[in-house]
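Below are the chains, spelled out letter by letter.
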Amino acid sequence: MSLFDELRIDRTPGEPVAIKAEYRVRARRQAWLYAVLIALLASGGILNHYRPEFLKPIWARVVAIAIMLVWFGLQLRNWRCPGCNMYFGKRRIKSQCPGCRVQLED
Ligand SMILES: [Zn+2]
């Protein structure tokens, strides 16, 4: 077997059923991440309205920024194609990966 054949085998996409199952898990996780984000923003807004003094100290802002960074990091790790690991960003995925064209949904 030549080196070229080995490389070609390495590039073969994984089992389509496993990719669809993994995509479903990631899509559900992504929905939860957005639900948590909305809850965080809403509680931040409520806090800012009723207890603005709570958000005044610098540590409160540092904590808020840290939470947003953690959220973004989780999102960055999660919202990727199970086949080619391409980051989907804000795109809404309609059944097919825009990178490797693998079928993600039925
Ligand atoms: Zn892909």
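All values reported here derive from a predicted model rather than from experimental measurement. Here the residue index of a chain counts from 1 through its sequence in written order. Thresholds applied to this predicted model are a pLDDT of at least 70 for local features of residues and 80 or more for the giving and counting of side-chain atom pairs; totals over whole chains, interfaces and linings are not thresholded and use all residues.

Student: For this particular structure, what's the right way to read the overall build of the protein?
Tutor: Secondary structure assignment for the protein yields three helices and zero strands. Going along the chain from the N terminus, every DSSP run of H or I of four or more residues is numbered as a helix, and every run of E of two or more is numbered as a strand. Each helix and strand of the protein, ordered N terminal to C terminal, gives the series α-α-α.

Student: Can you walk me through helix α3 (residues 58-78) in this structure?
Tutor: Each turn of an α-helix holds 3.6 residues, which means side chains three or four residues apart point in the same direction. Between the first and last residue of a helix there are one fewer steps than residues, each counted as 1.5 Å, and that sum is the expected span. Helix length check: α3, at 21 residues, gives a terminal C-alpha distance of 30 Å against a target of 30 Å (1.5 Å per residue), a fit within 8%. Using C-beta atoms placed from the backbone, we call a residue buried if 20 or more other C-beta atoms fall within 10 Å of its own, exposed if 12 or fewer do, and partly exposed for counts in between. Buried residues are scarce in α3, accounting for zero of its 21 residues.

Student: Can you help me understand unusual backbone geometry in this one?
Tutor: Most of the time, phi is negative for any residue but glycine, and the peptide bond is trans. In this model, N85 sits at a positive phi of 70°, which is unusual for a non-glycine residue. Note on placement: N85 falls in the segment after α3. Positive phi outside glycine occurs at R101, with the angle close to 65°. Turning to its location among the elements, R101 is positioned in the segment after α3.

Student: Could you clarify how one ought to interpret the nonpolar core in this entry?
Tutor: Soluble globular proteins: nonpolar side chains tend toward being buried together. The biggest cluster of nonpolar side chains holds five residues, and these are I19, Y23, C81, C97 and L104. A residue pair is marked as a contact if its C-beta atoms, positioned from the backbone, fall within 7 Å. When sequence neighbours within four positions are dropped, the list of residues in contact with C97 reads C81, G83, C84, M86, V102 and L104. To form a nonpolar core, buried Ala, Val, Leu, Ile, Met, Phe, Trp, Tyr and Cys residues must be joined through C-beta atoms within 7 Å.

Student: Would you explain helix α2 (residues 16-50) in this entry?
Tutor: Here α2 is 35 residues long and its end C-alpha atoms lie 51 Å apart, about the 51 Å a rise of 1.5 Å per residue gives. Little of α2 sits out of view: just two of its 35 residues are buried.

Student: What should I look at first to understand the environment of E22 in this one?
Tutor: Among the structural elements, E22 can be located in helix α2. The class for E22 is partly exposed, based on 17 C-beta atoms found within 10 Å. Measuring from C-alpha to C-alpha, the distance between E22 and L104 comes to 8.9 Å, with 82 residues separating the pair along the chain.

Student: Any chance you could explain the packing of α2 against α3 here in plain terms?
Tutor: Relative orientation and spacing of two packed helices are given, respectively, by the angle between their axes and the distance between those axes. Here α2 crosses α3 at 165°, and the two axes come no closer than 10 Å. As judged from the angle between their axes, α2 and α3 are roughly antiparallel. α3 is crossed by α2, and the crossing has left-handed handedness. Contacts from R26, R29, Q30, L33, L37, L40 and G44 in α2 reach A64, I67, W71, L74, Q75 and N78 in α3. All amino acids are sorted into three groups, where Ala, Val, Leu, Ile, Met, Phe, Trp, Tyr, Cys and Pro are nonpolar, Asp, Glu, Lys and Arg are charged, and the leftover types, Gly among them, are polar. Grouping the amino acids of the contact of α2 with α3 by side-chain chemistry returns seven nonpolar, four polar and two charged. Every axis in this analysis is a line fitted to C-alpha atoms, fitted for helices over the stretch in contact. Angles between the N-to-C directions lie between 0 and 180 degrees. Roughly parallel refers to an angle under 35 degrees, roughly antiparallel to one over 145, roughly perpendicular to one between 65 and 115, and oblique to any angle outside these ranges. Handedness of a helix crossing follows the sense of rotation of the near helix relative to the far helix, less than a right angle counterclockwise being left-handed and clockwise being right-handed.

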